[in-house]
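# Architecture and fold: a report
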Amino acid sequence: MTPPTSRRHALALAAYGLALALHMPVASAQQAPFDIAAQPLATALDQFARQAGLQLVFSPALAQGRQAPAVQGTRDVRQALDELLRGSGLAGRIEGGTLTVAPLAKEPAEATLPAVKVTAQPERSGSTEGTGSYTTRSTEVATGLNLSLRETPQSVTVITRERMDDGGTNTLVDVAAQAPGISIIASGASVGGFASLYARGYEVKNFMLDGVPVPTWAIAAYAFQGLSYLDSAVYDSVAVVRGATGLLAGAGDPSATVALARKRPTPEFQASLSQSLGTWRQRRTLGDAGGPLNEAGTLRGRVVGVYEAGHGWKEGYGYDKYTGYAVLEADLSSRTLATLALEFGGDHGRGAGPYMGYALSDVNGDPTGFGRSDSAVTDWSFYRDRRIALTAALEHRFNDDWQVKLAYNRNQVKDNMHYGLAGDWPEPDGTVPLHLRSYRRKNDVDSLSLKADGRYELWGRKHEVTLGFNGAWAKQKTPVFHVDLDNLVDVYTWNRQFPQPDWTAFDEPGGIDKVGQYGFWAATRLRATDQLSVLAGARWTAWRSRSLDAAGVMTDDRKENGVLTPYVGVMYDLTPGISAYASYTTIFNPQSSRDVNGRLLDPETGKNIEAGIKGEWFGGRLNASAAVFQVKKNNLAVLDDGNLTPGGDDAYRAEDDTRGRGWEVELAGEPLPGWRVQGGYTRMVLRDSGGLRLANDQPKHLFKLFTTWTPAGLNQLTVGGGVTWQSATFTDWVDESWRELYTQKSYAVVNLMARYAFSEPWTLTLNFNNVFDKAYRTDMAWHEYGPPRNLQATLQYKF
């Protein structure tokens, strides 16, 4: 006979399981079985809400730096919640099936400032830091509206702070590469280097920084090599929106937008210091501290500093780099928030260049036989860049329905590079021209965004709307660029030795390139019924590009005015947690190619048609999606059968109906307590109007999975790992007889991790990458390879 206590426990578990199956709350049952270990408060609250059958509503930043005690056994829900929050300064309110957590109300002391109503502050997309999650509850990167992933009618992946830390990804290009559907073509320095992201057949050319669009020609002003040299330590999350993103981004390709969200000050003091050591004598020191700067907590700050140095798997390569970040937030009133941020950094590489691999074959197509560690640059080659970025923002909440945000970014980079490269196809005897190159640049970018969000009532229902203006203007001093091809070396015997020239002899004034765009947009979500929502929006964009030579004479002037890019999406809730959707999104891309009459071709136009199903469970702690899509591009520039322009250049013609078709599935979050997972599979093929496959240097099949597990009885330990697999890729432009040599066969890379908390402040994390030491090329035509097997150990102390 079952003891009464066990029977009650079994009945409670059965009721809880039935309620989950029906997607209904069980909080009204007064009691629930709990199995919550002592852990960070944000994670504990998520587990509490799940085990009590409640939807959790709170800002994860409120739990930053707070620990929760263990709560075990069948307990009264209210009492268990009070025990979980005891001493945290937070209070929970349960209404119906929703649990809301907010700061405890404080009695005003004599001669103190008036109490601040926290809920009146401007709403923001949720911070992922401190949540312990591999997903997020809300994001506005696709439409400008603050929506959950399930409510967004487009494919969106969010790489959270927890996911970055578990994976040991230290550069933003490595972080973005974790997103399903994203492939990389990379070359150059072993750490960082030049890397381009691709999605749905095209290069990713649009980025956002803290909600402000930064086009690809502007992100270059943020760091010389783009995302490769931006350190992930200062970022809270990286979101990737796949498909056409013209509503917020303006010009670009129908590939994706990468949205970067930096860390923000925490409401409570927190600080950490970590030291990492890795293969190739790599060492990395990271400090992070933040919290309130006055007693009232109305002024908050945060600083992050990183220094990293080491070598790589390419012979003769060494580097050092640093990043600093400081941000201040001030509550000017209960409804107004001001933010000021400064980010700066620098990189110095030795024995490095933008390309470092030898050609795969000689001029006859015979293999050159070089490997992963062989470098094709002179031993004196180097690069150096310095960058600084300033951000100012002001947010104001008028009432519960309307808020506005004004943001300005100023970015500047200065760089310098000298290198000698023996990367051409050599003659059979090994001789090849040595490229002696000098490169200098200064780039400035200003970005501005004004955005209003609100709710309005129509037909007896509440609807959401966002509207605004954004723009970015870049000014680049044309590089002082010199190429000398008069010297020959033998790639098999030269040993990377060649006298360095006197670069000052090549100094000459350069011109100026200016590129700018601005636009107005508006979008709304109409709640037609309780289950049906329609998202509709459009953007009006003006774009201009100008080039001036050293004498100030205009050499190029192109502009596009009044380009309209619509956005339409439909969401239908099949159940409270599962929705079907369809969307039509657009984008445009100005061109520099001219036809036989010398006229510029019209801008390329990109369209993304997508349909799928999305689901969320456990209060948004687990998200899943499946989608089919078609990406179409018109006015694609193709060579016009040997015809020339009036100026004697190659003539181009516009070709329509380039199509990419595919499907993908994705899963991110926590299926069970302590088990986190993120991954997905993408199948995609791009073809021209005649059915010929294009973009063969991008995989047709791409699979990514990363998962970790923290045992309930040993929550100090976390173990996990991941795998990335992609199908074969090859280079289109080589002779057909060389196809086999210039093909990268399908391959898989396996990574492992483990973390152990020795005590509350001390944590050791091990990342073991490319466990099976798989050799694979990251650029199809040269000996450019991904990292060999390597290990990184990180010891962290939390104050």
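Scanning all chains against the criterion turns up 19 aromatic pairs. Look at Trp663 and Tyr681: their rings are 5.0 Å apart centre to centre, the planes differ by 55°, and that puts the pair in the tilted class. Of this pair, Trp663 sits in strand β36 (residues 658-672) while Tyr681 sits in strand β37 (residues 675-687); the two residues are 18 residues apart in sequence, bridging distant segments of the chain. Trp663 gets classed as partly exposed once you look at its relative accessible area, which sits at 37%. Judged by relative accessible area, which is 18%, Tyr681 ranks as buried. The residue whose ring lies beneath Arg163 is Phe706, and the NZ or CZ to ring-centre distance is 3.9 Å. The ring of Tyr581 is capped by Lys614, whose NZ or CZ atom sits 5.3 Å from the centre of that ring.

With that out of the way, let us pick up the side chain of Arg262. Looking at the element boundaries, Arg262 is found in strand β15 (residues 256-262). There is a polar contact of 2.8 Å between the side chain of Arg262 and the side chain of Asp210. At 2.7 Å, the side chain of Arg262 and the side chain of Thr391 are in polar contact.

We now examine the sheet that holds strand β10 (residues 194-199). The sheet built from three strands is open, its strands ordered β9-β10-β11 with antiparallel pairing. Strand pairing shows two members of the sheet lacking a second neighbour, β9 (182-187) and β11 (202-203), which therefore form its edges. The pairing of β10 with β11 spans two bridges and is antiparallel. Bridging across to β11, Tyr198 finds its partner in Glu203.

What follows covers the pairing of strand β24 (residues 435-458). Taken together, the 19 bridges between strand β22 (residues 403-421) and β24 define a ladder with antiparallel strand orientation. What sits directly across from His418, in β24, is Ser438. Both β24 and strand β25 (residues 461-477) contribute to a ladder of 16 bridges, which runs antiparallel. Each residue of the ladder has a partner; that of Ala452, found in β25, is Leu467. Counting the residues in the hairpin turn of β24 and β25 gives two residues, including Trp459, whose phi is positive at 55°.

Further remarks concern the nonpolar core. As a rule of thumb, nonpolar side chains are buried together in soluble globular proteins. Counting 29 residues, the largest nonpolar core has Val204, Val238 and Val258 as the members making the most contacts within it. Of all elements in the fold, only α5 (172-176), β10, β12 (206-209), β14 (235-242), β15, β18 (299-311) and β19 (318-331) reach the threshold of two or more residues within this core.

As a further point, take the sheet that holds strand β7 (residues 98-103). With respect to topology, three strands assemble into an open sheet ordered β3-β7-β6, the strand pairing being mixed. Looking at strand neighbours, the two that pair on one side only are β3 (55-57) and β6 (90-95), the edges of this open sheet. Sheet twist, expressed as the mean angle between neighbouring strand axes with direction ignored, is 25°. Where β6 meets β7, six bridges bridge the pair, whose relative direction is antiparallel. Looking at β7, one finds that Gly92 is bridged to Val101. The strands touched by helix α3 (residues 77-85) within the sheet are β6 and β7, with β6 carrying the most contacts at an inclination of about 160°.

Let's shift gears to a nonpolar patch on the surface. On the surface, Leu293, Leu299, Tyr307, Tyr322, Leu328, Leu340, Leu342, Phe344, Ile388 and Leu390 cluster together into a nonpolar patch covering about 830 Å² of accessible area. Put simply, the parts of the chain that give the nonpolar patch at least two residues each are β18, β19, β20 (336-350) and β21 (382-397). For the nonpolar patch, the leading source of residues is β20, giving three residues. If you trace the backbone, Tyr322 turns up in strand β19.

Let's shift gears to helix α2 (residues 41-52). With twelve residues, α2 should reach 16 Å at 1.5 Å per residue; the first-to-last C-alpha distance of 16 Å fits that figure. By the criterion of burial, α2 is predominantly enclosed, with twelve of the twelve residues buried. Those residues of α2 not exposed but buried are Leu41, Ala42, Thr43, Ala44, Leu45, Asp46, Gln47, Phe48, Ala49, Arg50, Gln51 and Ala52. Note on α2: the residue one or two positions beyond its end, Gly53, has a positive phi of about 70°.

All right, on to a positive patch on the surface then. Together, Lys414, Lys442, Lys475 and Lys477 line one region of the surface with positive charge. By the element assignment, Lys414 lies in strand β22. By relative accessible area, Lys414 is classed as partly exposed at 45%.

Right, let's talk about the pairing of β19 for a bit. Inspection of the sheet shows β18 paired to β19 by 13 bridges, in the antiparallel sense. When the sheet's bridge partners are listed, Arg302 is paired in β19 with Val327. Between β18 and β19, which pair antiparallel one after the other, the connecting turn spans six residues, and Gly316 there sits at a positive phi close to 80°. Alignment of β19 against β20, held across 14 bridges, turns out to be antiparallel. Paired with Glu329 across the strands is Thr339, a residue of β20.

Proximity of charged atoms lets side chains of opposite charge pair with each other. Summed over the entire model, instances satisfying the criterion amount to 46 salt bridges. Between Glu129 and Arg302 there is a salt bridge whose closest N-O contact spans 2.6 Å. Of this pair, Glu129 sits in the loop between β7 and β8 (156-160) while Arg302 sits in strand β18; the two residues are 173 residues apart in sequence, bridging distant segments of the chain. Salt-bridge contacts for Glu162 lead to Arg755; the nearest nitrogen and oxygen are separated by 3.6 Å. Linking Glu162 in helix α4 (residues 161-167) with Arg755 in strand β43 (residues 747-757), this pair joins segments that are 593 residues apart in sequence. The exposure class assigned to Glu162 is buried, which follows from its relative accessible area of 18%.

Another point: the environment of Gly346. Within the secondary structure, Gly346 is located in strand β20. By relative accessible area, which is 1% here, Gly346 ends up buried. Between the C-alpha atom of Gly346 and that of Asp320, which follows or precedes it by 26 residues, the distance is 8.5 Å. Look past the residues within four positions of Gly346 in its chain and what remains in contact with it is Asp320, Lys321, Tyr322, Asp385, Arg386 and Arg387.

Looking at the element boundaries, Trp617 is found in strand β32 (residues 604-617). We classify Trp617 as partly exposed; its relative accessible area is 29%. Each C-alpha atom of the pair Trp617 and Pro576 lies 9.5 Å from the other, and the pair is 41 residues apart in sequence.

Rules behind the numbers
- Once a new chain begins, its residue numbering starts again from 1 and follows that chain's sequence as written.
- Predicted model: local features are reported for residues with pLDDT of at least 70 only, side-chain atom pairs are reported and counted for 80 or more only, and whole-chain, interface and lining totals are derived from all residues.
- Hydrogen atoms and water are omitted, and side-chain values are computed over all heavy atoms in the structure.
- Note on aromatic contacts: the rings of Phe and Tyr and the six-membered ring of Trp form a pair at centre separations within 6.5 Å, being stacked when their planes are under 30 degrees apart, edge-to-face when over 60 apart, and tilted otherwise.
- Per the convention used, a helix needs a DSSP run of H or I reaching at least four residues, while a strand needs a run of E reaching at least two, with both numbered from the N terminus.
- Only protein chains enter the accessibility calculation, which uses a 1.4 Å probe; a residue whose area is less than 20% of its type maximum is buried, one above 50% is exposed, and one in between is partly exposed.
- Charge over a ring is defined by NZ of Lys or CZ of Arg lying within 6 Å of the ring centre and within 35 degrees of the ring normal.
- Here a polar contact is taken to be a pair of N or O atoms separated by no more than 3.5 Å, where protein atoms must pair a possible hydrogen donor with a possible acceptor and residues adjacent in sequence count only if both atoms sit in side chains.
- When DSSP finds at least two bridges between two strands, those strands are taken to pair.
- Each nonpolar core is a collection of buried residues, namely Ala, Val, Leu, Ile, Met, Phe, Trp, Tyr and Cys, held together in the definition by side-chain atoms within 4.5 Å.
- Each axis is a line fitted through C-alpha atoms, and for a helix only the stretch in contact is used; angles between axes span 0 to 180 degrees, taken between their N-to-C directions.
- Residues count as neighbours in contact if any of their non-hydrogen atoms are within 4.5 Å of one another.
- Each patch is assembled from residues with relative accessible area greater than 30% and no salt bridge, linking like charges that lie within 9 Å and nonpolar side chains (Val, Leu, Ile, Met, Phe, Trp, Tyr) that lie within 5 Å.
- The protein chains shown are the only cover counted for residues, whose accessible areas, like all others here, come from Shrake-Rupley with a 1.4 Å probe.
- The salt bridge definition used is simple: a Lys or Arg side-chain nitrogen within 4 Å of an Asp or Glu carboxyl oxygen.
- Between the first and last residue of a helix there are one fewer steps than residues, each counted as 1.5 Å, and that sum is the expected span.
- Here Asp and Glu are counted as negative and Lys and Arg as positive; His is not counted, and neither are the chain ends.
- Charged side chains are reduced to one point each, which is NZ for Lys, CZ for Arg, CG for Asp and CD for Glu.

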